Amino acid sequence: MARSAIINVMVQTAMKAGRSLARDFGEVQNLQVSLKGPGDYVSQADRKAEEIIYQELSRARPGYSFLMEERGTVPGDDDQHRWIVDPLDGTTNFLHGIPIFSISIALERQGQIVAGVIYNPAMDELYTAERGGGAFMNDRRLRVAGRAKLSDAVIGTGIPHLGRGHHGHALIDLRNVMGEVAGIRRLGSAALDLAYVAAGRMDGFFEDALAPWDMAAGILMVREAGGFASDRDGGQEMFDNGTIVAGNEQMHKSLLKTLQQRKG
Ligand code: 2AM
Ligand code: CA
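Below, the structure is looked at part by part.

There is about 420 Å³ of room inside the largest pocket. In terms of lining, the largest pocket is formed by 24 residues, of which the most central are Asp89, Gly90, His161, Gly188 and Asp214. Of all the secondary-structure elements, those providing two or more residues to the lining of the largest pocket are strand 3 (78-89), helix 3 (91-95), helix 5 (190-198) and helix 6 (212-224). Looking at the lining of the largest pocket residue by residue, the class counts come to eight nonpolar, nine polar and seven charged. In terms of domain composition, the lining of the largest pocket takes at least three residues from each of domain 1 (5-141) and domain 2 (150-259). Within this model, the second largest pocket holds a volume of roughly 320 Å³. Around the second largest pocket, the lining comprises 15 residues; the ones closest to its centre are Gly111, Gln112, Ile113, Arg223 and Gln236. For the lining of the second largest pocket, the secondary structure elements donating two or more residues are strand 5 (112-120), helix 6 and helix 7 (238-241).

Listed below in structure tokens is the structure:
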């Protein structure tokens, strides 16, 4: 399958940062757990990956602005284009030697996500999507799962990082959804959760308190695989309110309805 120039740039970048993460992940698995633990080491791995991505993308497309997890906003001369980057999504998994983490890179043009790449270096799974061009995993075309009933569905979610004792809302959502579905999965990388929905591995996904870099590439991935993604009110303010609900058309609708049982 021929990839477009922009997807090529994003793939090369994600693979390069992925090699760096994979090396550091190997080390994490070998690290003696010292008093400090591998935490500092992991934030270094994170920053190193972000630096690679920043350098590669700035060189390939000078002037584009950035929104990155570690650096935050980096303005550019080109006000039409913005990279939205998470250099390491699934940090807690990475820290614990669990191979479920990813690099997420999205490109926004005039406020619209037009390309997305999500790469899990530990499993060597590369997800790509371009607006209007479909979604792929390692060049295989992706399609969201076809299940229509919530009772048959495996649904992914995440527990928002709000600190101990602040999970009341998440627990209510979880109870409401668990009452209706076949199973719940909690992977720990929102970008990969969305890629898994695109790949039909999970029938849907919902989470609150996410940042744009956790979901930008994944939203496009789901849509280009024929699915739907919105905020929990059914609107398109995911980046503003940090909520997301995704799945095939029926699943997305049913999940929205189930989540509406919690008001406020
Ligand atoms: P991260 O690994 O890049 O931090 C898991 O439910 C999802 O929540 C992951 O995508 C994770 O991204 C994200 N997340 C958001 N805020 C977080 C925080 N403060 N600590 C850890 N994960 C966070
Ligand atoms: Ca993240």
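Around ligand 1 there are 15 residues in total, and Asp89, Gly90, Thr91, His161 and Glu207 lie nearest to it. Between Thr91 and ligand 1, the recorded distance is 2.8 Å, taken from a backbone N or O atom to an oxygen atom. Contact with the protein chains covers 77% of the free accessible surface of ligand 1, which is 470 Å². Cavity membership is defined here by more than half of the atoms lying within 2 Å of grid points; on that basis ligand 1 lies in the largest pocket. In terms of residue count, strand 3 provides more of the shell around ligand 1 than any other element does, three residues in total.

Before going further, it helps to spend a moment on the pairing of strand 6 (residues 125-130). The element strand 6 is largely enclosed, with a buried count of five among its six residues. One ladder, built from six bridges, connects strand 5 with strand 6; its direction is antiparallel. Counted as the bridge partner of Val117 is Thr128 from strand 6. Where strand 5 folds back on strand 6, the antiparallel hairpin that results is connected by four residues, among which Asp124 adopts a positive phi of roughly 50°. Here four bridges tie strand 6 to strand 7 (residues 134-137), and the two strands are oriented antiparallel to one another.

Ideal values for angles at a metal depend on the geometry: 109.5 degrees with four tetrahedral donors, 90 or 180 degrees with six octahedral donors. For the calcium ion (ligand 2), the full set of protein donor atoms is Asp86 (OD), Asp89 (OD) and Asp214 (OD), at a range of 2.0 to 2.3 Å. Mapping the donors of the calcium ion (ligand 2) onto the primary sequence yields the spacing D-x2-D-x124-D. Side by side, Asp86 and Asp89 carry an identical accessibility label, which is buried.

Here we have five strands laid out as an open sheet, ordered 10-9-11-13-12, and mixed in their pairing. The open sheet has two edge strands with one neighbour each: strand 10 (183-185) and strand 12 (228-230). On average, each strand axis in the sheet is inclined to that of its neighbour by 15°, with strand direction left out of account. Pairing between strand 11 (residues 204-207) and strand 13 (residues 244-247): four bridges, direction antiparallel. Bridge assignment links Phe206 to a residue of strand 13, and that residue is Val245. Relative to the sheet, helix 5 contacts strand 9 (154-157), strand 11 and strand 13, its axis offset from that of strand 11 by approximately 155°.

What follows covers the packing of aromatic side chains. The final tally for this structure, using the stated rule, is five aromatic pairs. Their ring planes at 50° and their centres at 5.4 Å tell us that Phe25 and Phe94 sit as a pair that is tilted. Of this pair, Phe25 sits in helix 1 (residues 5-30) while Phe94 sits in helix 3, placing them 69 residues apart in sequence. Relative accessible area serves as the criterion here: at 7%, Phe25 is assigned to the buried category. A relative accessible area of 0% places Phe94 in the buried class. Where Tyr64 meets Trp83, the ring centres are 5.6 Å apart and the plane angle is 35°; that geometry is what we call tilted. With Tyr64 in strand 1 (residues 64-68) and Trp83 in strand 3, the pair connects residues that are 19 residues apart, well separated along the chain. For the pair formed by Tyr64 and Trp83, the shared burial category is buried. The residue whose ring lies beneath Arg71 is Tyr54, and the NZ or CZ to ring-centre distance is 4.2 Å. In this structure, Arg201 packs its charged tip against the face of Tyr196, placed 4.7 Å from the ring centre.

What counts, and where the lines are drawn
Residues numbered from 1 in each chain as written. Chains lettered and ligands numbered in written order. Predicted model: local features only at pLDDT ≥ 70, side-chain atom pairs only at ≥ 80, totals over all residues. Heavy atoms only, no water. 1 Å grid on protein atoms, 1.4 Å probe; cavity = no way out; pocket = protein on both sides within 12 Å on 5 of 7 lines; lining within 4 Å. Points joined across faces, edges and corners; volume = space filled by probe spheres on them. Helix = DSSP H or I, 4+ residues; strand = E, 2+ residues; numbered from the N terminus. Nonpolar A, V, L, I, M, F, W, Y, C, P; charged D, E, K, R; others polar. Domains from an automatic or database assignment. Near = heavy atom within 4 Å. Polar contact = N/O pair within 3.5 Å; in protein donor to acceptor, adjacent residues only side chain to side chain. Areas by Shrake-Rupley, 256 points an atom, 1.4 Å probe, with all protein chains shown as cover. Sits in = over half its atoms within 2 Å of the grid points. Buried < 20%, exposed > 50% of the residue type's maximum accessible area, 1.4 Å probe, protein only. Pairing = 2+ DSSP bridges. Donors = N, O, S within 2.8 Å, 3.2 Å for Na, K, Ca; no water. Axes fitted to C-alpha atoms, helices over the stretch in contact; angles between N-to-C directions. Contact = heavy atoms within 4.5 Å. Phe/Tyr/Trp six-rings, centres within 6.5 Å; stacked < 30°, edge-to-face > 60°. Lys NZ or Arg CZ within 6 Å of the ring centre and 35° of its normal.

Keep in mind these numbers describe shape, not what the thing actually does.
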